Amino acid sequence: LCIVATVTYFEANPESQYDGTEMMILSLLKNAINEFLEAGRILDESDAAYDDDALFSKVLYVLSKRQETAAQHIFARLIKNLADRQEKAAELEEKVSSLEAKLEEGRNEFSKMGQNNYEIFKLDTKEPELISNTCAEGDANSDGYNDILIAEYSWDNFTGRVFFFYGGDDIDFSSPDMIFEGENVMNLFGNRPSVFGDVNNDGYDDIVIGAYGYNNWTGRVYIYYGGPDMDNISDLTLDGEKGALCRFGQGIAVADIDNDGFNDVVIGAQSYDNERGRVYLFWGGETMDTTADLIFEGEGYPEGKPRYEPKINKMVQGWFGRKVDASGDVNGDGYNDIVIGARYAGDKFHGTAYLFLGNSKKDMDAVCDYAFRGEDISDQMGTGSKFFDIDNDGFDDFILAARYARNSRGAVYIWWGGENFDGNKPADVVLQGEPNSNMGGDYVMCADFNSDGYGDILTGGYNYPDIDYQNGRAYVFYGNKKTLIDTDCDYIFDPEEDTKFFGFSVSGGDVNNDGHIDALIGARGSVENMNNDGQIDILTGANQGDYCKGKTFLYFGPFVTEDIQEEIKTQQALVTKIEEELSDAKQKLEDARKFVPYSAAFQDVFEGLPESLNRFFTPELEQLQSETVASIRDDSYVLHEGIRENRIGMSDIELSAYIDEWTSKIDDLESRDNRNKEQDEELETLKTQLSWFEKVKYVPPEERDTKKDILNKEMTRLRGN
């Protein structure tokens with residue numbers, strides 16, 4: 001009866017939490033109760049000592065034994081909705097508190113969110129230093145903190161030096177822990193990548209620094225083994241080919257190409273053979289040798305000599321090896337792959353990046369697997385490159401930059417990695433820079449900068465807003481699933497007002513070991529007070545870098561783009577909405593419970609019944625209950641069979657035809673005087689199925705398929721009950 005009352009209530013209140021599925025179950029249960037009461041009346045006819053009213057009261061008493069379970073079943077969903085809303089309200093309250101805490105720290109507008117959360121390396125040098133390279137992608141002493149390299153290639157008549165800072169909770173930004181220095185003037189020690197990598201597999205990242213001006217532009221690369229007590233004396237040097245003006249060390253990458261556990265060293269020599277370029281691969285090992293194990297050749301121009309490139313006012317021929325990278329495995333075969341940039345390759349200086357898939361020592365070759373040409377004249381494809389898993393699918397994706405693409409905006413191209421990687425098709429995603437920013441030159445860094453599990457892209461646009469000012473910017477593009485990623489910039493780093501060429505180099509790593517990637521951004525030069533009048537001077541023209549000091553900025557992650565004040569308003573509005581829904585749902589629950597008596601109330605009703613009526617609670621009644629349960633189970637089975645045979649999708653005509661057919665069969669069997677046992681069982685089955693067909697007639701034809709789906713979902717629950 002409590003179920004009957006509840007069904008009546010919810011039928012009269014369609015705005016309640018119950019949908020068609022729950023209503024259908026309640027209706028079935030209501031029918032089962034009615035059948036149970038009817039069975040009781042039949043029993044009463046066999047025992048005239050008890051009238052209908054007395055039997056009805058006893059049946060009520062039996063039902064009261066199960067009242068609490070029934071009530072929980074009926075209200076389970078409504079109560080769950082309440083719990084879900086309360087949990088959601090608590091989550092929102094916690095988020096609001098977190099946002100308010102951020103607001104207290106003063107971090108609000110997304111484009112300047114890091115302004116109160118960064119440090120500048122203020123190196124104590126007398127002459128202007130030109131910062132050319134920064135790196136924070138390794139841990140030389142294996143203490144869990146990423147360490148930092150900052151190159152000042154103009155030091156001591158361009159001898160060059162590299163400052164080394166140990167990562168930690170309390171970094172001294174004005175005093176490096178170690179300084180690596182070049183050997184001679186014009187060596188340009190550190191002017192191109194200073195990188196980390198464990199070449200001897202001892203658990204400590206080693207430091208590799210190039211000096212491509214060494215020995216009259218032959219070039220040399222220095223390797224310093226990492227460790228708890230590392231020093232600034234090189235442990236191994238690799239030299240360019242003797243007598244060749246090749247700029248060996250112009251590009252450097254360190255990664256495990258052959259999957260043997262030792263990081264290998266890839267070194268570019270862009271000026272080899274009249275600017276054509278060449279790249280050398282040295283296998284890592286406990287005792288590395290100084291002889292290249294594999295050589296990759298640039299393609300050059302058909303005439304075999306340089307051409308004049310008006311954009312930079314120089315004679316060039318490819319510059320194969322200016323940029324190299326081997327940071328990932330694009331096809332998931334376990335071997336890191338190599339990409340080599342030749343920014344002036346192509347008939348009209350389009351630029352080309354060449355991809356060589358990694359392999360074992362035995363099978364690795366120098367044959368290019370894929371070549372990626374720039375879209376337009378002088379795009380300089382390959383000025384930046386990286387491998388990283390942007391969409392979190394387990395495969396490293398392939399990322400290239402062309403700093404003059406899209407009319408000097410610059411562009412970053414993404415090809416999705418995979419077991420069947422195809423570098424012959426166009427890029428899957430293209431990120432475009434701001435006007436005149438030259439985004440993507442010369443560095444691309446990838447990491448999870450917002451700590452959401454997807455790889456993000458950090459790159460600079462050092463010429464922003466245009467060539468007359470060149471203050472520079474750096475951009476973060478968030479990664480995401482292939483189907484959800486967009487091309488909008490998600491986070492912008494803006495430098496201080498007196499900064500030049502900000503974003504010329506970018507890197508990143510967790511330098512304070514807080515679980516978030518930090519961003520290291522270099523500015524090649526910053527404006528100084530040139531005429532000592534106390535005012536900052538504005539420099540224009542191509543030679544302004546000769547008068548500017550460099551800076552390196554360290555921004556602490558994570559980097560998110562939400563405007564906190566607006567987000568707080570949004571979340572508080574959601575909290576208010578949830579609280580209103582909670583209040584409304586609680587009231588509905590209380591209203592519904594008025595129709596459901598509690599067990600104690602049932603007990604009070606029956607305490608005054610005559611003691612003689614207790615004789616009725618006998619094994620016969622228990623048998624009746626058992627038979628009723630079996631009947632309900634049989635009905636559910638017939639219903640299940642009807643669904644399985646798709647009968648609930650029948651039209652009215654089909655239903656009527658079945659009903660007529662079953663009725664005819666039943667009449668035929670009932671008219672037989674001498675039925676056998678099998679015919680009696682068939683007759684009962686036909687009657688049961690006819691009953692089911694009669695019940696299904698109330699379902700409108702257009703709703704039968706929907707009802708079929710609903711009944712399918714609830715059949716397991718119904719049969720369990």
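Below, the structure is looked at part by part.

The rules behind each value
- Residues numbered from 1 in each chain as written.
- Predicted model: local features only at pLDDT ≥ 70, side-chain atom pairs only at ≥ 80, totals over all residues.
- Heavy atoms only, no water.
- Helix = DSSP H or I, 4+ residues; strand = E, 2+ residues; numbered from the N terminus.
- Buried < 20%, exposed > 50% of the residue type's maximum accessible area, 1.4 Å probe, protein only.
- Contact = heavy atoms within 4.5 Å.
- Areas by Shrake-Rupley, 256 points an atom, 1.4 Å probe, with all protein chains shown as cover.
- Phe/Tyr/Trp six-rings, centres within 6.5 Å; stacked < 30°, edge-to-face > 60°.
- Salt bridge = Lys/Arg side-chain N within 4 Å of Asp/Glu carboxyl O.
- Patch = residues over 30% accessible without salt bridge, like charges linked within 9 Å, V, L, I, M, F, W, Y side chains within 5 Å.
- Lys, Arg positive; Asp, Glu negative; His and termini not counted.
- Charge placed at Lys NZ, Arg CZ, Asp CG, Glu CD.
- Pairing = 2+ DSSP bridges.
- Axes fitted to C-alpha atoms, helices over the stretch in contact; angles between N-to-C directions.
- Core = buried A, V, L, I, M, F, W, Y, C linked by side-chain atoms within 4.5 Å.

### Remarks on the overall build of the protein
Inference 1: A tally of regular secondary structure across the protein gives 14 helices and 30 strands.
Inference 2: For the protein, the residues scored as buried account for 52% of the 721 residues in total.
Inference 3: For the protein, the share of sequence-separated contacts (at least 6 apart) that also reach a separation of at least 24 residues comes to 60%.
Inference 4: Carbon and sulfur atoms make up 46% of the accessible area of the protein, which amounts to about 33,900 Å² in all.

### Some thoughts on the packing of aromatic side chains
For any pair of aromatic rings, geometry is given as the distance between the ring centres together with the angle between the planes.
Inference 1: For the structure shown, the criterion picks out 29 aromatic pairs.
Inference 2: Ring geometry for Phe248 and Phe282: centres 6.5 Å apart, planes at 80°, overall edge-to-face. With Phe248 in strand S10 (residues 248-255) and Phe282 in strand S12 (residues 278-282), this pair connects stretches of sequence that are 34 residues apart. One exposure class covers both Phe248 and Phe282, and it is buried.
Inference 3: Relative to Phe349, the ring of Tyr344 has its centre 6.5 Å away and its plane inclined at 85°; by these criteria the two rings are edge-to-face. A single burial state applies to Tyr344 and to Phe349, both of which are buried.

### Observations regarding the pattern of salt bridges
Inference 1: One pass over the structure, following the stated rule, counts 26 salt bridges.
Inference 2: One salt bridge connects Arg307 with Glu303, and the closest N-O pair in it is separated by 2.5 Å.
Inference 3: Judged by its relative accessible area of 39%, Glu303 falls in the partly exposed class.
Inference 4: Residues Asp668 and Arg672 are paired through a salt bridge, measuring 2.8 Å at the closest nitrogen-oxygen approach.

### Some points on the environment of Gly249
Inference 1: Mapped onto the secondary structure, Gly249 falls in strand S10.
Inference 2: We classify Gly249 as buried; its relative accessible area is 0%.
Inference 3: Along the chain, Gly249 and Gly190 lie 59 residues apart, while their C-alpha atoms are 9.3 Å from each other.
Inference 4: Excluding its chain neighbours within four sequence positions, the residues that come into contact with Gly249 are Arg192, Gly210, Tyr212, Val221, Ile267 and Gly268.

### Things to note about a negative patch on the surface
Inference 1: The grouping of Asp169, Asp170, Asp172, Asp177 and Asp514 at the surface amounts to a negative patch.
Inference 2: Within the element layout of this structure, Asp170 appears in the loop between strand S4 (161-165) and strand S5 (178-181).
Inference 3: According to the relative accessible area criterion, Asp170 is exposed, its value standing at 74%.

### Points about the sheet that holds S10
Inference 1: Reading across from one edge, S10-S11-S12-S13 is the order of the four strands in this open sheet, with antiparallel pairing throughout. Bordering the open sheet on either side are S10 and strand S13 (294-297), each of which pairs with just one other strand. The mean inter-strand angle of the sheet, taken between neighbouring strand axes irrespective of direction, is 20°.
Inference 2: Bridge count for S10 against strand S11 (residues 264-269) is six bridges, and the pairing is antiparallel. Directly across from Val254, in S11, lies its bridge partner Val265.

### Comments concerning the environment of Phe158
Inference 1: Inspection of the secondary structure assignment puts Phe158 in helix H5 (residues 155-158).
Inference 2: For the pair formed by Phe158 and Asn184, sequence separation is 26 residues and the distance between their alpha carbons is 8.4 Å.
Inference 3: Ignoring sequence-local partners within four residues, the contact set of Phe158 consists of Tyr153, Val185, Met186, Asn187 and Leu188.

### Brief notes about the nonpolar core
Inference 1: Counting residues in each nonpolar core, the largest one holds 21 residues, and the members touching the most others are Phe449, Leu458, Phe493, Phe502 and Tyr555.
Inference 2: The set of elements that each furnish at least two residues to this core consists of strand S1 (118-120), strand S24 (444-447), strand S26 (473-477), strand S27 (491-493), strand S28 (499-509), strand S29 (518-526) and strand S30 (549-555).
Inference 3: Ranked by residues supplied to this core, first place goes to S29 with three residues.
Inference 4: In contact with Phe493, not counting residues within four places along its chain, are Leu458, Arg473, Ala474, Val476, Phe502, Ala519, Ile521, Tyr555 and Phe559.

### A few points about the side chain of Ser194
Inference 1: Along the chain, Ser194 turns up in strand S6 (residues 194-197).
Inference 2: For Ser194, a relative accessible area of 1% puts it in the buried group.
Inference 3: Discounting chain neighbours no more than four positions away, the residues touching Ser194 are Asn133, Cys135, Leu149, Val162, Val208 and Ile209.

### Considering a nonpolar patch on the surface
Inference 1: The grouping of Phe158, Val185 and Met186 at the surface amounts to a nonpolar patch, some 240 Å² of accessible area in total.
Inference 2: Checked against the element boundaries, Met186 lands in the loop between S5 and S6.
Inference 3: Residue classification places Met186 among the partly exposed positions, given a relative accessible area of 38%.

### What to know about the pairing of strand S19 (residues 370-373)
Within a regular beta strand, the side chains point alternately toward one face of the sheet and then the other, so they alternate between its two faces.
Inference 1: The side-chain alternation of S19 yields one buried face, formed by Tyr370 and Phe372, and one unburied face, formed by Ala371 and Arg373.
Inference 2: Relative to S19, strand S18 (residues 352-356) is paired through four bridges, and the arrangement is antiparallel. Within S19, the residue paired with Tyr354 across the bridge is Ala371.

### Considerations on unusual backbone geometry
It is generally the case that most residues other than glycine have a negative phi and that most peptide bonds are trans.
Inference 1: Cis geometry is found at the peptide bond from Gly441 to Asp442, where omega equals 5°.
Inference 2: Among the structural elements, Asp442 can be located in the loop between strand S23 (429-432) and S24.
Inference 3: Looking along the chain, the bond that leaves Tyr464 and enters Pro465 is cis, with omega of 0°.
Inference 4: Here Pro465 shows up in the loop between strand S25 (456-461) and S26.
Inference 5: Here Asn274, not a glycine, exhibits a phi torsion of approximately 60°, which is positive.
Inference 6: For Asn274, a relative accessible area of 43% gives the class partly exposed.
Inference 7: Even without being glycine, Ser451 reaches a positive phi, approximately 55°.
Inference 8: Locating Ser451 in the fold gives a position in the loop between S24 and S25.
Inference 9: Ser451 sits in the partly exposed class, given a relative accessible area of 35%.

### A look at the sheet that holds strand S8 (residues 220-224)
Strands in a sheet are paired, the pairing made by backbone hydrogen bonds, and the direction either parallel or antiparallel.
Inference 1: Taken in spatial order, the four strands of this open sheet run S6-S7-S8-S9, and their pairing is antiparallel. Only two strands of the sheet have a single partner each, and these edge strands are S6 and strand S9 (236-239). With direction set aside, neighbouring strand axes in the sheet form an average angle of 20°.
Inference 2: Across four bridges, S8 lies against S9 in antiparallel orientation.

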